[in-house]
Amino acid sequence: TISTCRNAPKARHLPVGFLNRSPRMHSPTKQSGSMPQLVLFGKEGLGASLSLCWQHLQQSTLLSRHLGVVDEGLNEHNFRSHIEGSEGGEDKIFLSIHNQCEVSANGKTARPSLKTGPLLSTGALLISERCHPKEEKLWEGIVDFVEVGRIEETYLKIARMSSEDRIMLSQKRLEMFKSRFSPLLLMKRANIVPELIRSETMKSESDHMQREIVLPHHVQTVYIMHTAYSIYVFMLRMIVMTLIEGLKSLGLRVRYFEKPLNPPEAERGDIFIWVGIYDDEFIIKDLKRRGVYIVHYNTEPFDRYDTNQCSKADPWRMAHEVWSYGAGNVEEIKAIPECRGLPRTTRYVPAGYIAEWPRAPPFFEDGRNDTRLIFMGNDYSRWACLARMKEASKTFREKFSRVHNLWNAYEFSRYIEGGADAKNNKIFMSIHRPCPLEKDEQFQLQRYQDPTAPQWSLEPRASVVLNTKSFLISERCHPKDEESWKGIVDFVEQEKIINVYERLVGMGVSERQQLLDERWKLFRTRFNPAQIMQRAGVQELIDVAKNDRVKTETTTRNAFIVMEWSNYYLYKMIIETLVEGFRYLGYRIIPYIDRSTIRQAKAHDVAIWVGTRHFYHETMRKFKDAGVFTVLYQTEPVNSVSVDPRNPQLCPNTTLWEVATYDEIWDYGAGNAEALNHCPGLPKARHVPAGYVKQWHQIPPRKEKVPTRLLFLGLRGVNKGREECWRLLTKRIKLQKHLLNLYEIWDEESFKNLVTDDSFEDIHLSIHQNCKPVRGDVEPQWSLEPRVSQILNTRSLFISQRCHHLDEALWNGIVDFVDFQEIETAYFRLANLSASEREAEFQRRWEIFKVRFHPRAIFRRAGIRLEMRNE
């Protein structure tokens, strides 16, 4: 509609897609006779037409008892609480009706677009009033589109399903939504590419935006590209997604193009990866001339007896390295004498596990089970072998199927998840090409028993299949490939493939599912993209390319950390986070020792003062006079020095801060940073919390349950509020014997002894300095204290008094936030877990913490980039 408006700018369709970290709806209850609630996601009073439609629905005697409303303006915390509810909570089906709602559609009114917000990422079932035809086509199979008059009929149809059928419907729609609306696909579908963001745009930004830390174009970048031939885009997708995820895990910026495009900003030190067959050598030649490091990703099988392959590989000679999907390919390339002159550095980088991919349904437990043996691919050059296999086995003739028409994600998803073939389970097979026209016993003997014979690698489509959580049976491969995929893929002689199929089909359903689950777990672990990159030694390549650029740099940027070093233990988590974050950006870290340190400073460097004592202002002024970007890292609760605690915009007394000395303030708390950014006269504030530290003392896994304590590390008497709250806790009879307060932990050795004490298991507690036993109606304003990272880095459980809503949102899933009156309940809920349950909870929170609070992620969220300057 916007595109038809006169003088309107270009319009693009970019809907809200699948959000991996969204809360998930709990499973429907199995209570007999219970009906789910029909919940309007919006406001029934917004617009007269919408109110009329809502009144129309309320007139139904049956429907009116189950209607409810959820305000679409909920904050993240309340939305999560509403969605997740409790296991025994009321089931919900969601409803969307338009502001200009029509009770009786006449077909003449233009229908608006669907507004889902974050709903569909939760696994919710959604019924919507009819929308624009293009919208309905896009969301087909995920949302029920009906006229307002048929909402009740559609609701009853879903509500009267069994809980099991409703769960299956929800899971099916969620998987379809994940596949069709992944953010990457949405950006591609909207044809959004980095070239849309022009440098000229920055010139028109406001002064506030100009003060942001700028990311220059020469940050080390990896460019991934392949042929524009349409069917190759999907065929190569698994390889491309593995490269993107793996390279990002190494801290690189990755740009992916679906068609050949010469990136003008690429320069010496960047890396360019061409995947598959070359179709534009000019790009490669031009990038190599500019000093870009070239990698060719080989996607075709290599045979040392086919000497023509080396002449076909002539374009490879322009590359610095060759990567391949097959371990056998890497060995064969090295062994071909005619290939001398090709890059001698070859790496085994197979396609690996991808989180967002269609998954096959579990094996059926009833008579629907008709498991097929599927070959996915072209039978070109394989037809003779397939014909012989059909001739040799009746089972093969009856159960074999070939599919060769899955050229995009939507078709592939429909095929894997069911579609017209929903009655069949699938076991996949793989055979090599070429296949001899006549059965050649000598050829087979040499192929399988002679270690020097040419043996092919497992094809890239193996990962396409294994990512669906399916069985794969393959013809024997190169020994290196068989070793790599051992325990995940069945490798047998061609004529024995049917025997393995019959063995799998002959298993009981639970036994077969258990075997599949074991292989799935092994695949996810061994072929995680980050692990693939690590085994291939890709970090060495990055360092080579980076060092090549460093030789051409005229300056090295420094990050000076200034503090009273006797307090190092207190601020260690903060310091380690800053050090790792700046190293990731390529800075050299220099601790301030004496005045001679300042002589090393120059423009574009950064100096950060960490701590509360402010007698280093003279030092920081000298850094600022040298053109250095100066930062005050603020480590105290903002609220504790507020001039007016009743004012939600809490502005501290900053007399001691000497704010004119600093270009920015960094703070451990999101709530603190929010408050500081509303205070007049202060420089920009950023939220840079202490994060994940790799080398730190951790609680070892415990197989047996040990007594627990609720431990508060800190000074109780710093404020009467905290002292009073602690006194109230000690009066609780059940809780008092579990309480412990420690303050004299002033060095790392003492902390290590505390953590490694295996006689107790500590659940840690945080109480605010101005703690109030009853919160009342005032929204909590305090940020989570810096010590939380010191505790979480040990793999411990953490309970905190309620904090600022921004802090709670960021630490959600890692820390339990409760009102003071609920501390006892929260403690016993964790303390009563079994040893295995508690270990699983440790690990779940630990994995979230490592990712969300990795220093690189913290710096990215805070907008801290490579070049710092004061505009």
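Residues numbered from 1 in each chain as written. Predicted model: local features only at pLDDT ≥ 70, side-chain atom pairs only at ≥ 80, totals over all residues. Heavy atoms only, no water.

J.: Explain the environment of S324 residue by residue, including any values.
T.: With respect to the helices and strands, S324 occurs in strand β10 (residues 321-324). Setting aside its immediate chain neighbours within four residues, S324 contacts Y297, N298, N329, V330, R347, Y348, V349 and P350. A distance of 3.1 Å separates the side chain of S324 from the side chain of N329, its partner in a polar contact. (Helix = DSSP H or I, 4+ residues; strand = E, 2+ residues; numbered from the N terminus. Contact = heavy atoms within 4.5 Å. Polar contact = N/O pair within 3.5 Å; in protein donor to acceptor, adjacent residues only side chain to side chain.)

J.: So what's going on with the packing of aromatic side chains? Which residues, and what values?
T.: Enumeration over the complete set of coordinates arrives at 26 aromatic pairs. Between W811 and F849, the ring centres sit 6.3 Å apart and the planes meet at 20°, which makes this aromatic pair stacked. With W811 in the loop between α32 (805-810) and β27 (816-818) and F849 in helix α34 (residues 835-852), the pair connects residues that are 38 residues apart, well separated along the chain. For the pair W811 and F849, a shared accessibility class is recorded, and that class is buried. Taken together through their ring pairs, the aromatic side chains of Y353, W485, W520, F523 and F527 make up a single cluster. Geometry around F828 places K734 over its ring, the cationic atom sitting 5.1 Å from the centre. Taking the ring centre of F853 as reference, the NZ or CZ of R861 above it sits at 5.5 Å. (Phe/Tyr/Trp six-rings, centres within 6.5 Å; stacked < 30°, edge-to-face > 60°. Buried < 20%, exposed > 50% of the residue type's maximum accessible area, 1.4 Å probe, protein only. Lys NZ or Arg CZ within 6 Å of the ring centre and 35° of its normal.)

J.: Any details on helix α23 (residues 529-536)? Residues and values, ideally.
T.: Along α23, the residues classified as buried are P529, I532, M533 and A536. An end-on view of α23 places all buried positions within 95° of arc, on one side of the element. Pointing more than 90 degrees away from the buried face of α23 are the exposed residues Q534 and R535. Between the side-chain oxygen at the start of α23 and the backbone nitrogen of A530 there is a gap of 2.9 Å, and the oxygen is on N528. Downstream of α23 by one or two residues, G537 has phi in the positive range, about 70°. (Arc of directions from axis to C-beta.)

J.: Tell me about the sheet that holds strand β18 (residues 588-591), and please be specific about residues and values.
T.: Taken in spatial order, the 6 strands of this open sheet run β18-β17-β19-β20-β21-β22, and their pairing is parallel. Two strands in the sheet have a free side with no partner beyond their single neighbour: β18 and β22 (684-687). Taken pair by pair, the neighbouring strands of this sheet meet at an average axis angle of 25°, ignoring direction. In this sheet, strand β20 (residues 629-634) lies alongside strand β19 (residues 606-610) in parallel orientation, the contact comprising 5 bridges. For A607, the partnering residue across the bridge sits in β20 and is T630. (Pairing = 2+ DSSP bridges. Axes fitted to C-alpha atoms, helices over the stretch in contact; angles between N-to-C directions.)

J.: Explain a nonpolar patch on the surface residue by residue, including any values.
T.: Taken together, the side chains of L570, L715, Y743 and W746 present a nonpolar region at the surface, about 370 Å² in accessible area. Note on placement: W746 falls in the loop between β24 (739-742) and α30 (748-756). (Patch = residues over 30% accessible without salt bridge, like charges linked within 9 Å, V, L, I, M, F, W, Y side chains within 5 Å. Areas by Shrake-Rupley, 256 points an atom, 1.4 Å probe, with all protein chains shown as cover. Salt bridge = Lys/Arg side-chain N within 4 Å of Asp/Glu carboxyl O.)

J.: Can you tell me about the environment of P343, naming the residues and giving the values?
T.: Its location among the elements puts P343 in the loop between α14 (327-335) and β11 (346-348). We classify P343 as buried; its relative accessible area is 8%. A C-alpha to C-alpha distance of 8.3 Å links P343 and M318, two positions 25 residues apart in sequence.

J.: How would you summarise the state of the cysteines if you had to cite specific residues and measurements?
T.: According to the stated counting rule, one finds 1 disulfide in the structure shown. Note on cysteine connectivity: C725 is disulfide-linked to C771, with sulfurs 2.0 Å apart. Between C725 and C771 the disulfide shows an S-S torsion of about -90°. By sign, it is left-handed. Separated by 46 residues along the polypeptide, C725 in helix α28 (residues 720-730) and C771 in the loop between β25 (761-766) and α31 (787-792) bring together distant segments of the chain. With respect to class, C725 is no different from C771; both count as buried. (Disulfide = S-S within 2.5 Å.)

Take it as geometry only, folks, not as evidence of what the structure does.
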